[in-house]
Amino acid sequence: MISPLSKLFGLFSRDIAMDLGTANTVVAVRGQGIVINEPSVVAVDKRNGRVLAVGADAKEMVGRTPAHIVAVRPLRDGVISDFDVTHAMISEFIKKVHERTILPVSPRIVIGIPGGVTEVERIAVRDAALSAGAREVHLIEQPMAAAIGAGLPVTESVGSMVVDIGGGTTEIAVISMGGIVVNNSIRIAGDELDEAIIDYARQRYNLLIGPRMAERVKVQIGSAYPLEDEMTMEIRGRNLITGLPEAVTVTSIEIREAISGPVGAIVEATRAAIDQTPPELVADLMENGIALAGGGALLKGLAQRLTDETRMRVYVADDPLSCVVRGCAHALERPDLLKQVQAPPHRPVTPH
C-alpha cells in the first residue's frame, strides 16, 4: 500500500518507468504506481503525416474515421516499424505524465524495450524520450525487466527463467548474475493467437470476425489445456457467403484446437531455451520453476501445458501484465541494480 507521504513525493517525482510493448504501453511514476496503461496505437493523417491521437483515443478511432486517417501500431512483432510514430507516441505518453504532476520537471526514465531491437532502434527510443523532456534515459530488455518484476533473484548466482508473452513476441530468457545467459525470442504471441481464431472462424463457419471479437474469444474461452468445465461463447461477424451479419456458438474445445499452432510454437521455443541452458542452471530451474509474464500468461491452462511439456514447475507471476513496468520501476529505485541489468551501452544517456 502506498503511503500518503509516498503519494506526495510521487507528485514531484522525476522518475518514470515505461513498458514499451507491442500491444500496450504502461507507464509508472515513482510513488504513484501505474498512471498510464493504453494501447500502443497512434492515429495519423496520411495527407500530412500529422499525429491526431495516441493510445486509447487512437484505438477508439479504428474503423470510425475517413480513409485518410489511419491507426498505426509503431511496434510490430517486437521491433520498431515506424521511428517517427514511435517518437510521437513516447513523447505524448511522457507529456500525459507531466500533466499529472505538480511541477513539469525533467524526469529520469527507464524504458523496457523488446529484446530484438537493433542499436539504431535503441538510439531512436532514447532520442524520443530525451526530446520529450527526459534528463536521463536507461533501457532494459523486457525479459530482464519482467524477471525483476516477477521477483526473480536476477543478480544472484542462481538460474532464473522467465517466459514473457506479449502482443507481438514471446521472449524466453534464462538469467543469472544480472545477465541473460540464454535468450530465445519468437514472433509468435497474443496477436498470432487472435489471428488463428479469425482464420478458424473463416474456414469453419465462413464467418469474418474482427480482431476485437477474436481477442474477446481468446480471453473468455481460450485455453492451452483441457478445462474441467468446457465453455461456449457466441461470436458475431459477417457471413462471407451471404454478406449478412451472423452469430455462431463456439466451444472452448474448438478454440483450443484453433490456437494449437501458436501455442505449440511457444512450447517448443521454451523447450529449446531449456535445451540451450547450462546443466548447472537447469538444476536451479528444476528447483525454482519457470515464471510466466505478459498478457499471454493469462491464457487458461498455459502454465499446466508448459509444466507437462518441460517437466518443470511453471507458474504465472503476480499481475503478469505489469511485470515489465514494475521491473523497470524497481530498477529505478536501485542504481546498483540498474547499472548491472540495463541494455548496452551500460551508461545513462543524457542530453547535450
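Reading guide: rules and limits
- Every chain's residues receive numbers from 1 upward, in the order its sequence appears when written.
- Per-residue local features are limited, in this predicted model, to residues with pLDDT of at least 70; the limit for side-chain atom pairs, both in listing and counting, is 80 or more; totals at the level of whole chains, interfaces and linings are taken over all residues.
- To get the side-chain values, take all heavy atoms of the structure and skip hydrogens and water.
- To pair, rings of Phe, Tyr and Trp, with the six-membered ring standing in for Trp, must have centres within 6.5 Å; the planes then decide the type, stacked if under 30 degrees apart, edge-to-face if over 60, and tilted in the middle.
- Burial status follows relative accessibility: with a 1.4 Å probe on protein chains alone, a residue under 20% of its type maximum counts as buried, one over 50% as exposed, and anything between as partly exposed.
- Definition used: whenever NZ (Lys) or CZ (Arg) falls within 6 Å of the ring centre and also within 35 degrees of the ring normal, the charge is taken to sit over that ring.
- For helices, the axis comes from a line fit to the C-alpha atoms of the stretch in contact; other axes are also lines fit to C-alpha atoms, and the angle between any two N-to-C directions lies between 0 and 180 degrees.
- To qualify as a helix, a DSSP run of H or I must reach at least 4 residues; to qualify as a strand, a run of E must reach at least 2; elements of each kind are numbered from the N terminus.
- Any angle from 65 to 115 degrees is called roughly perpendicular, while one under 35 is roughly parallel, one over 145 is roughly antiparallel, and all others are oblique.
- Each crossing gets its handedness from the near helix: less than a right angle anticlockwise from the far helix is left-handed, clockwise is right-handed.
- Contact between two residues is taken to exist if any of their heavy atoms lie within 4.5 Å; hydrogens are not considered.
- Under the convention adopted here, Pro, Cys and the residues Ala, Val, Leu, Ile, Met, Phe, Trp and Tyr are nonpolar, Asp, Glu, Lys and Arg are charged, and Gly plus all remaining residues are polar.
- Here, a strand pair is defined by DSSP locating no fewer than two bridges between the strands.

Trainee: How would you sum up the packing of aromatic side chains? Please name residues and give values.
Mentor: For the coordinates displayed, the defined rule picks out one aromatic pair. Pairing Tyr200 with Tyr205 gives two aromatic rings, centres 6.4 Å apart and planes at 75°, and the pair type is edge-to-face. Taking the relative accessible area as the measure of exposure, Tyr200 reaches 14% and is therefore buried. Its guanidinium or amino end placed over the ring of Tyr205, Arg204 lies 4.8 Å from that ring's centre, counting from NZ or CZ.

Trainee: An account of the packing of helix H9 (residues 260-276) against helix H11 (residues 302-310) is needed here, citing residue identities and associated values.
Mentor: Between H9 and H11, whose axes approach to 10 Å, the crossing angle comes to 45°. In terms of their interaxial angle, H9 and H11 are classed as oblique. As H9 packs across H11, the resulting crossing turns out to be right-handed. Residues Val263, Gly264, Val267, Thr270, Arg271 and Ile274 of H9 form the contact with H11, whose own contacting residues are Leu302, Arg305, Leu306, Glu309 and Thr310. Grouping the amino acids of the contact of H9 with H11 by side-chain chemistry returns five nonpolar, three polar and three charged.

Trainee: So what's going on with the sheet that holds strand E15 (residues 232-239)? Residues and values would help.
Mentor: Hydrogen bonds between backbone groups are what pair the strands of a sheet, and the pairing can be parallel or antiparallel. Taken in spatial order, the three strands line up as E14-E15-E16 in an open sheet, and their pairing is antiparallel. Strands with a single pairing partner mark the edges of an open sheet, and in this sheet they are strand E14 (207-208) and strand E16 (245-251). Sheet topology places E15 next to E16; seven bridges connect them, and they run antiparallel. Bridged to Met233 within E16 is Val250. Contacts between helix H7 (residues 211-221) and the sheet are confined to E15 and E16, with E15 contributing the most and set at about 170° to the helix.

None of the figures reported here should be taken as evidence of function without further support.
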